[in-house]
Amino acid sequence: MTDHVSEMRRRRTFAIISHPDAGKTTLTEKLLLFGGAIQMAGSVKSRKAARHATSDWMALEKERGISVTSSVMQFPYADRIVNLLDTPGHADFSEDTYRVLTAVDSALMVIDCAKGVEERTIKLMEVCRLRDTPIMTFINKLDREGRSPIDLLDEVESVLGIRCAPVTWPIGMGSRLKGVYHLLLDEVHIFEPGRNFTRQDSTIFQGLDAPGLAERIGAEAYRELRDELDLVLGASHPFDAAAYLAAQQTPVFFGSAVNNFGVQLLLDFFVEHAPQPQPRATTTREVLPEEARLGGFVFKIQANMDPQHRDRVAFMRICSGTFTGGMKAFHTRSGKEMKLANALTFMASDREIVEQAFAGDVIGIHNHGTISIGDTFTEGEPLAFTGIPNFAPELFRRARLKDPLKAKQLQKGLAQLSEEGATQFFRPLMSNDLILGAVGVLQFDVVAYRLRDEYGVEAGFEAVGVVTARWVHCADAKKLEEFRERNAMNLALDAAGELVYLAPSRVNLQLTQERWPDVRFAATRDHI
Ligand code: GDP
C-alpha cells in the first residue's frame, strides 16, 4: 500500500505569476521538458474527440493573443512530484487566477529583465501576500539587454516589499551574457547559446578561482563579476529558508527561458526548498496534510472541451488523505455522498493506471452542475475550506437574444457559465431580463463566444442601469420580507438563487443602506 504521508511530502504544488509577455509560457515549457512530460488538463481522456472543439476554442485565444483556459500539469522531478497550476495571463481573468492561487503552496514570479516589476506582478503579489505564499523569483530574458541586476533587486524590494536573496548572479547580459554564478553551490554555469542545456551538458566551473574560468569568460567580464559579487554579497541578504517560507524573502534566479538557461538551477532549488502541502483553514478547524481522510476543495470549474459532452470538470485541490478512483466522497454543501467517477488525474506517466492522488495533487471531477467553486469534499466530516475568494462584479450588461425562441438555452448557458465563474448572472424579480456581471470587459466577449460555440445561442450584450450589486442578508425574516416588497424593482436572484440588490447608482445604494440598517449588504457572495 502506498503511504499517503510520504507521498504528500513529495508534492510541490505551485503557480507561476507574471505580467503578460514576461515569459511564463516559455518557462513552463522548459520546466515540463525537465519533467519529461507535457500534459494539459481537461483534455486527457478525450483528446482526439475534442480536437475540433479545442481548436475552435483556441481560436478565440489566438484572436485575442491571450490564454483563457487554465490547466494543471504534473511531472516527476528528482524524486518529487511537481504540480504546476497554470494561471490565465490576461487581467480580465484575474478571478480565475486568484482562485488558482488559493490552491497552491508556493509561487514562482517571472520578471522581464528589461521591464522590471510590472503592474500585474504587483497585483498578483498582493494576492500571494494575503496567504503569505512563499515566492521564488526568476529574472528572465537575460540574453537581451536589460536593467542592471542590482537595480532590479532594488525594485523588487521597494515596490513589492519583499527581501531578495540572489541565488544565481548573471555574468554579463544581452550579447555579453557569459553565464551565471551560483552563490550557494559556488559554481559558474557557462551560457552557450544554441545548446539546449541540461545540467549535464552545460560547462560548469567549480568556484570563482577555477582554472580557465577567467579565460573562458574574458578578463573584463571576470573582473566585473568579482567586483559586483563583492558588492552584492555585502549588500544583499543570504538565503534564509525560514524567511523564504514565511514569505519575507524571495530567492532570486537569473536566466533565459527561451534558451533554457538558468532554468534547471531554479528547478533544482525549487524542489529542494519549496514547501510541501500546507495545512488549510476550514470553518471548524485546521486540516493537516498528514490526515488519513480525504479533504479537498474546488477552486475552478471548466466546461468540457468536447461539446458532445455537456458535463463540466471541477478541479479539486486535495488537502489531506488519499483519493482513490471511483471512491465516494461527502459533498459538504449539499450534505450528500457523491461518487467521484471518471476523475481525471494529471500525472504524466502511466496515466491509464493512475487511480490515486494525494495531498497537494489536483483531480478533475466530471459533473453536471452539482459542484460549484468553493465546494468541499470530505469522507464524512461536515467542514468547509475557507478563503476561496468571490469577486464583486463591476460591470453589468443585459443579455439580448437574436432568436427569441432560444430563451431557455440562453438561461441554461448563462447559469452554467456563471457556476464556472466565467460571469455572474442575475434575474431581476420584476422583469424577464437576464443581467450579467463581470469584473473585466473581456469576460463578456468570452461569454458571447461560448454561448454561441457551446449552446448554439447568438446573444449580444447591451448597457443596463446598474452600477453595483450587493448580496442581501437579514437575520430578521419579517424585515427581509418587508425589504423585499419595498425594493422589488431593484432586486434580483443570482444563479444560485441568492437575493441581490442591483443598485442604479452609488447614491441610491447609500440611501437604501441608511434606510434599512438591519439589512446587511455584502459586496460578494461569500463562499462560506
Ligand atoms: P507569457 O505571456 O508570460 O506567457 O510569455 P511568453 O512565454 O509567451 O513569452 C513572451 C515572449 O517573450 C515570446 O515571444 C517569447 O519567445 C519571448 N521570450 C521568452 N523568454 C525569453 C528569453 O529568455 N529571451 C528572449 N529574448 N525572449 C524570450
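Placed above this text is the structure.
Let me sum up the structure you'll find in this document. Every chain is numbered independently, its residues counted from 1 as its sequence is written. Whole-chain, interface and lining totals are the exception, using all residues; otherwise, since this is a predicted model, local features are given only for residues with pLDDT of at least 70 and side-chain atom pairs are given and counted only at 80 or more.

**What to know about the overall build of the protein chain**
To be explicit about the condition: By definition, any uninterrupted DSSP run of H or I lasting at least four residues is a helix, any uninterrupted run of E lasting at least two residues is a strand, and each is numbered from the N terminus. Here a residue counts as buried when 20 or more other C-beta atoms fall within 10 Å of its C-beta, as exposed when 12 or fewer do, and as partly exposed in between; the C-beta atoms come from the backbone. With C-beta atoms placed from the backbone, a contact is any residue pair whose C-beta atoms sit within 7 Å.
Counting secondary structure elements, the protein chain contains 14 helices and 30 strands. Buried positions account for 44% of the 528 residues belonging to the protein chain. Considering only intrachain contacts with a sequence separation of at least 6, the fraction spanning at least 24 residues in the protein chain is 73%.

**Quick look at the nonpolar core**
Note the following rule: A set of buried residues drawn from Ala, Val, Leu, Ile, Met, Phe, Trp, Tyr and Cys, joined through C-beta atoms within 7 Å, is what defines a nonpolar core. The split into domains, and so the bounds of each, comes from an automatic or database assignment of domains.
Formed by 95 residues in total, the largest nonpolar core has its most connected members in Ala-15, Ala-107, Val-298, Met-316, Ile-318 and Ile-363. The element best represented in this core is strand β15 (residues 312-320), accounting for six residues. Taken domain by domain, the makeup of this core includes at least three residues from each of domain 1 (16-59 + 105-273) and domain 2 (280-378). Sequence-distant contacts of Ala-15, that is, excluding residues within four places in its chain, are made with Leu-85, Thr-87, Val-100, Leu-101, Val-104 and Ala-107. Core analysis: the second largest hydrophobic core is formed by 30 residues, Leu-410, Phe-426, Leu-434 and Leu-451 among them.

**A few points about the sheet that holds strand β23 (residues 395-401)**
Convention followed: Should DSSP find at least two bridges between two strands, the strands are taken to pair. Structural elements are reduced to axes, namely lines fitted to C-alpha atoms, with helices fitted over the stretch in contact, and the angle between N-to-C directions of any two is expressed from 0 to 180 degrees.
One open sheet holds the eight strands; their spatial order is β26-β23-β25-β24-β28-β29-β27-β30, and the pairing between them is antiparallel. Looking at which strands have only one partner, the edges of the open sheet turn out to be β26 (459-463) and β30 (520-522). In this sheet, neighbouring strand axes are inclined to one another by 40° on average, regardless of whether the strands run parallel or antiparallel. Relative to β30, strand β27 (residues 468-473) runs antiparallel, the two sharing three bridges. In the strand pairing of β30, His-473 is matched with Arg-520.

**Topic: the packing of helix α2 (residues 24-35) against helix α10 (residues 263-273)**
Put simply, the rule is: Should an angle fall under 35 degrees it is taken as roughly parallel, and over 145 as roughly antiparallel, whereas 65 to 115 is taken as roughly perpendicular and any remaining angle as oblique. Crossings are classed by handedness, with left-handed meaning an anticlockwise turn of the near helix from the far one by less than a right angle and right-handed meaning a clockwise turn. Each residue gets one of three labels, nonpolar for Ala, Val, Leu, Ile, Met, Phe, Trp, Tyr, Cys and Pro, charged for Asp, Glu, Lys and Arg, and polar for the others, Gly among them.
The contact between α2 and α10 brings their axes to 10 Å, and the two run at 65°. Classed by the angle they form, the pair α2 and α10 counts as roughly perpendicular. In terms of crossing hand, the pair formed by α2 and α10 is right-handed. Along its contact with α2, which presents Leu-27, Lys-30, Leu-31 and Phe-34, the element α10 presents Val-263, Gln-264 and Leu-267. Each residue belonging to the contact of α2 with α10 can be placed in one class, and the counts come to five nonpolar, one polar and one charged.

**Structural notes on the site of the ligand**
Which entries qualify depends on this criterion: A molecule or strand has a residue near it when that residue's C-beta atom, placed from backbone coordinates, lies within 6 Å of it.
Neighbouring the ligand are 17 residues, the closest being Lys-24, Thr-25, Thr-26, Ser-256 and Val-258. The element that contributes the greatest number of residues to the shell around the ligand is α2, accounting for three residues. For the shell around the ligand, a count of residues per class yields four nonpolar, eight polar and five charged.

**Examining the sheet that holds strand β10 (residues 204-206)**
Spatially, the four strands line up as an open sheet ordered β7-β8-β9-β10, and their pairing is antiparallel. A single partner strand is all that each edge strand has here, and the edge strands are β7 (168-171) and β10. Taken over all neighbouring pairs, the strand axes of this sheet differ in orientation by 20° on average, direction set aside. Relative to β10, strand β9 (residues 187-190) is paired through three bridges, and the arrangement is antiparallel. Note on β10: the bridge partner recorded for Val-188 is Phe-205.

Just distances and angles here, no functional claims.
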